[in-house]
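Topology and contacts: notes
Take a look at the letters that make up each chain.
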Amino acid sequence: MKKIRYAVVGNGWRAMFFVRAALNLPEIFELTGVLCRSEEKARAFAEKNGVKAFWDLDKMLETKPDFVVSCLTKAAMPAATMELLRRGVPVLSETPLATDEKTLREMRDLQRQTGTPLDMAEQYFLYPNHQARRALIEKGIVGDVHNVWMSMMHDYHGISMLRAYLGEESGDVTIRARKLTTPIVHTGGRPGLVAGGEIENEYRVLAQFDFGGGRVGLHDFAGSQYHSAIRTNHLRILGTRGEIFDDEVRWVMEDGRPAKAKLVYHHDEITGTLRAIDFDGERVYTNPFRWDVAMTEDDIAVCTVMVRFAGALAGGEKHYPYAFRDSYMSIVLTELANRDASATVDVLEWN
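Quick summary incoming for the structure in this document. (Residues numbered from 1 in each chain as written. Predicted model: local features only at pLDDT ≥ 70, side-chain atom pairs only at ≥ 80, totals over all residues. Heavy atoms only, no water.)

A few words on the packing of helix α7 (residues 155–166) against helix α9 (residues 323–339). It is the contact of α7 with α9, at a shortest axis distance of 8 Å, that shows an interaxial angle of 120 degrees. With respect to α9, the axis of α7 lies oblique. Pair α7 / α9 crosses with right-handed handedness. Residues D155, Y156, I159, S160 and R163 of α7 touch α9, and the partners they reach there are R325, D326, M329, S330, L333 and T334. Here the residues of the contact of α7 with α9 sort into 4 nonpolar, 3 polar and 4 charged. (Axes fitted to C-alpha atoms, helices over the stretch in contact; angles between N-to-C directions. Helix = DSSP H or I, 4+ residues; strand = E, 2+ residues; numbered from the N terminus. Parallel < 35°, antiparallel > 145°, perpendicular 65-115°, else oblique. Left-handed = near helix turned anticlockwise from the far one by under 90°. Contact = heavy atoms within 4.5 Å. Nonpolar A, V, L, I, M, F, W, Y, C, P; charged D, E, K, R; others polar.)

Printed below as a string of structure tokens:
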């Protein structure tokens, strides 16, 4: 199997997911280089992580990667992505593509003009637990899904997951949104949990997405949920024959009797890496990668994204055809939430 060769622009927290992919699975991925902001940062990054690092884009591109992952701040990423498109370098951009409509249109027009492959590294729908739930839906266990309440991830990620469970939009989408500000005790962040935190503001976005055909998605999320010790994530999927609430499924069997069961997760005893997920005695997800190295569900999803994007470059199906659409809907969501307003938008324009 030919290795997937890629480079990364950026060396922050999110970029490390793409670096780890090559370190964990060298038989699949080859990281040709990481672009840092300065020579000093590049040398330090290379020494710390054992990978090639550059401070000059031209030098990094001389390593001939199959594609480049654009993984910078939201403010800096669009310019980097468009520079790569102008150079004819396929780009897998971190989320979102842009945070304002003007820049998003400029990027879309440039991509169309150059014809350079561009995709977004949306990974949540590829998390093993979500793939397992989607497998149950595809089997028809809960019937036709018509309502999803999601309190698990923000903005464009949440939009992506509502679509994953409700199905693709058929035309205009009506969005109603508002933002709530409430107090919460700070219990930590990415570095870890802390004790004795101060009370701070929590900003929660509540939104309803009407996809048409009776399909409605409810988005309910605050950024504190990612790392807070006192906020948890939840998901409820309603169908005609049952529901999925987090990992528990309730449904009506063919004989008309109600039943319930839970998703069962199997992890490697040593590394803790997920190996598979079962439901009602049947396997509904198997980790396609090795589990003798420590990988989170996010790591597994990121690796899956890159495999899919490499496949698309080789002539296969596009990894994520909703990149521009999600970014646009996220921009609209933010604007509406700030104004406590609603709007109907033509999302198919962003195909």
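Here the focus is the environment of L206. Among the structural elements, L206 can be located in strand β11 (residues 199–212). On the accessibility criterion, L206 (27% relative accessible area) is partly exposed. Those residues in contact with L206 that sit more than four places away from it in its chain are R176, A177, R178, L180, H219 and D220. (Buried < 20%, exposed > 50% of the residue type's maximum accessible area, 1.4 Å probe, protein only.)

Glancing now at unusual backbone geometry. Here T95 and P96 are connected by a cis peptide whose omega angle stands at -15 degrees. For P96, the position within the fold is in the loop between β5 (91–93) and α5 (101–114). Positive phi, close to 60 degrees, is recorded for K64, a residue that is not glycine. Phi at D155 is positive, roughly 40 degrees, even though this residue is not glycine. Following the sequence through the fold, D155 ends up in helix α7.

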